[in-house]
Amino acid sequence: MTQDTLIVPVPDQGEGTRWWRDAVIYQVYVRSFADSGGDGVGDLPGVRSRLPYLAGLGVDALWLTPFYVSPMADFGYDVADYRDVDPLFGTLADARGLIADAHAHGLRIIVDVVPNHTSDRHAWFQAALAASPGSPERARYLFRDGRGPDGARPPNDWESVFGGPAWTRLPDGQWYLHLFAPEQPDLDWENPEVRAEFADILKFWLDLGADGFRVDVAHGMAKAPGLPDVGHADQVEMLGTAVLPYFDQDPVHDIHREWRRLLDSYGGERIAVAEAWAPTHERLADYTRPDELHQAFNFHYLTAPWEASGMRKVIEESLDAAGAVGAPATWVLSNHDVKRHVTRYGGGERGLRRARAAALLTLALPGSAYVYQGEELGLPEVLDLPAEFQQDPQRLRGEDAGRDGCRVPLPWEGEEPPFGFGGTASWLPIPTAWRDLTVAAQREDPDSMLALYHEALRLRHEHPALGDGGLRWLDGPTGTLVFVRETGGDGRLACAVNMSGRPARVPVRGTPLLASGPVHLENEHAELPPDTALWWDVEER
Ligand code: GLC
């Protein structure tokens, strides 16, 4: 075996366990995880009741999507009260109990914070509506006069991520900015009152025991001075690929530096992960400089097609960019905003095979990995949700844009929907075909996706070479990715993934540990079928 590239990220200089550098963080979409109240909507006591499942799966932390008081125009990403729990999801006592129980199970809790915008029902926005143009109440948001003689045209050409103009006009003639739905007015982060309020909100949850934050739209809080036009329509197509005056503006980093100081003032290595869409790997890595946030989601990896050379390039660029600022890379395949990867990778048997291989690839890469609830069950996107159930505001952007299909509740057990989710009918219907995908059904089957995740996570914890550290590429047949993880000390683990579409023969000198599908081993070689991955312990020679 020959080596060609050596990538070793610079380790962070921080103190402590640095748990977050290689943590596997499981995303709980609270609304769709487990329903204890029987109303068809998942809730905090539901999550609490399933902690043994999550601890047993072998993840290190949970990221809980927003459960705060909200009119749910964007399913909780429109927050009306940042310091309380929506009755739909439980009470503050439930949140406290969940955090305490999670800690007792050895799981850390990351909560979502939504700083770019509030709900239009937030007390501040209500006060802004009641106040007049130019008032301090309006100065917490981005209110502007319109263009044209009677101000009837929006102040600029910015478009909402959900489609249509990013501005809505009030009866008094002023417009307010909302980069998302009209029910999500953008805050003005140049206003010190906004900064102080959010510092206080962070402290509230840190005091309650939260181990960190997932920062929603972390690239959005700073807008270019003067709010200049973009000059293009179809801005949605430019998200994350081009520079826009409302995303990834340099001053946003001052906010993250302030937050980092706050996090560091608490014990226990509290962290923040940025949901940031940046045009390049380097711009994304800026969010994780040593004095900023700890991690940023790697959407470049999530959006990479199932193809070896492109995937390798994304992996190298991600490791290089994160390594250059001393941050851990992160690896994400799915979340509540994108089509589930079983479906993205082609769906059906092929999608499932690739998703199994992708799990081994993801969990073998250096850094921290995210698991979106249900990916451990191999759930596909639900593509045929009846229109009357579809509720996601993004669906208004056009056909196929809705995110309801990746938010269908989890099937836990039993023969019929809602498969032990709770109640008699879940808020989005669960396909009857998921009978074979329930947690209970997969627990019985050693070849299930659930069994694969269990074993991979167990090995990831036990094997000294996995988690944080470096990666060395090995030669492999065209269309394959082959690399070795090593610590320099005890043990090396190699991973091969066949993305070529044909069987591939890969040299394997060592002991096979885990395969995503049937692999034939002979004469120090493995014959990998298409879309199959293998981990092995490398023999020292
Ligand atoms: C983030 C969330 C998404 C939400 C949006 C607006 O992208 O992940 O679900 O719609 O922010 O808050």
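Residues numbered from 1 in each chain as written. Predicted model: local features only at pLDDT ≥ 70, side-chain atom pairs only at ≥ 80, totals over all residues. Heavy atoms only, no water.

Under the annotation held in an unreviewed UniProt entry, the chain carries the name Glycoside hydrolase family 13 protein and is attributed to Actinomadura darangshiensis. What the UniProt record of the chain gives under Sequence similarities (unreviewed entry) is the line "Belongs to the glycosyl hydrolase 13 family." (UniProt positions renumbered as here; feature names shortened; annotations may be inferred.)

Chemist: What's the story with the packing of helix 5 (residues 192-207) against helix 6 (residues 252-264) in this structure? I'm lost.
Modeler: Packed helices, taken two at a time, are described by the angle between their axes plus the distance between the axes. Running from amino to carboxyl end, helix 5 crosses helix 6 at an angle of 35 degrees, the nearest separation of the two axes being 11 Å. Judged by the sense of rotation from one axis to the other, the crossing of helix 5 with helix 6 is right-handed. Seen from helix 5, the contacting residues are Arg195, Phe198, Ala199, Leu202, Lys203 and Leu206; seen from helix 6, they are Asp254, Ile255, Glu258, Trp259, Leu262 and Leu263. Its residues assigned to classes, the contact of helix 5 with helix 6 shows 8 nonpolar, no polar and 4 charged. (Axes fitted to C-alpha atoms, helices over the stretch in contact; angles between N-to-C directions. Helix = DSSP H or I, 4+ residues; strand = E, 2+ residues; numbered from the N terminus. Left-handed = near helix turned anticlockwise from the far one by under 90°. Contact = heavy atoms within 4.5 Å. Nonpolar A, V, L, I, M, F, W, Y, C, P; charged D, E, K, R; others polar.)

Chemist: Honestly, the sheet that holds strand 2 (residues 24-28) in this entry has me stumped. Any pointers?
Modeler: Backbone-to-backbone hydrogen bonds pair the strands of a sheet. The strands run either parallel or antiparallel. On the basis of which strands lie adjacent, the open sheet formed by 8 strands has the order 12-11-10-6-3-2-14-13 and parallel pairing. The open sheet is flanked by strand 12 (295-296) and strand 13 (330-331), the only strands paired with a single partner. Across 4 bridges, the pairing between strand 2 and strand 3 (residues 61-64) is parallel. Following the sheet pairing, Tyr26 is matched in strand 3 by Leu62. Contacts from helix 6 reach strand 6 (108-113), strand 10 (212-215) and strand 11 (271-274), with the element oriented near 165 degrees to strand 10. (Pairing = 2+ DSSP bridges.)

Chemist: Even after reading the chapter, I still don't get the site of the ligand, so can you show me in this structure?
Modeler: Around the ligand, the surrounding shell holds 14 residues, and the nearest of these are Asp74, Asp216, Glu275, His336 and Asp337. One nitrogen or oxygen atom from the side chain of Asp74 is found 2.5 Å from an oxygen atom belonging to the ligand. A distance of 2.8 Å separates an oxygen atom of the ligand from a polar side-chain atom of Asp216. In isolation the ligand exposes 310 Å². Once the protein is present, 96% of that is buried. For the shell around the ligand, a count of residues per class yields 4 nonpolar, 3 polar and 7 charged. (Near = heavy atom within 4 Å. Polar contact = N/O pair within 3.5 Å; in protein donor to acceptor, adjacent residues only side chain to side chain. Areas by Shrake-Rupley, 256 points an atom, 1.4 Å probe, with all protein chains shown as cover.)

Chemist: Looking at this structure, I do not really get the sheet that holds strand 9 (residues 175-177). What am I missing?
Modeler: Taken in spatial order, the 3 strands line up as 7-9-8 in an open sheet, and their pairing is antiparallel. A single partner strand is all that each edge strand has here, and the edge strands are strand 7 (143-144) and strand 8 (167-169). Of the strand pairs in this sheet, strand 7 and strand 9 are connected by 2 bridges, and their pairing is antiparallel. Directly across from Arg144, in strand 9, lies its bridge partner Trp175.

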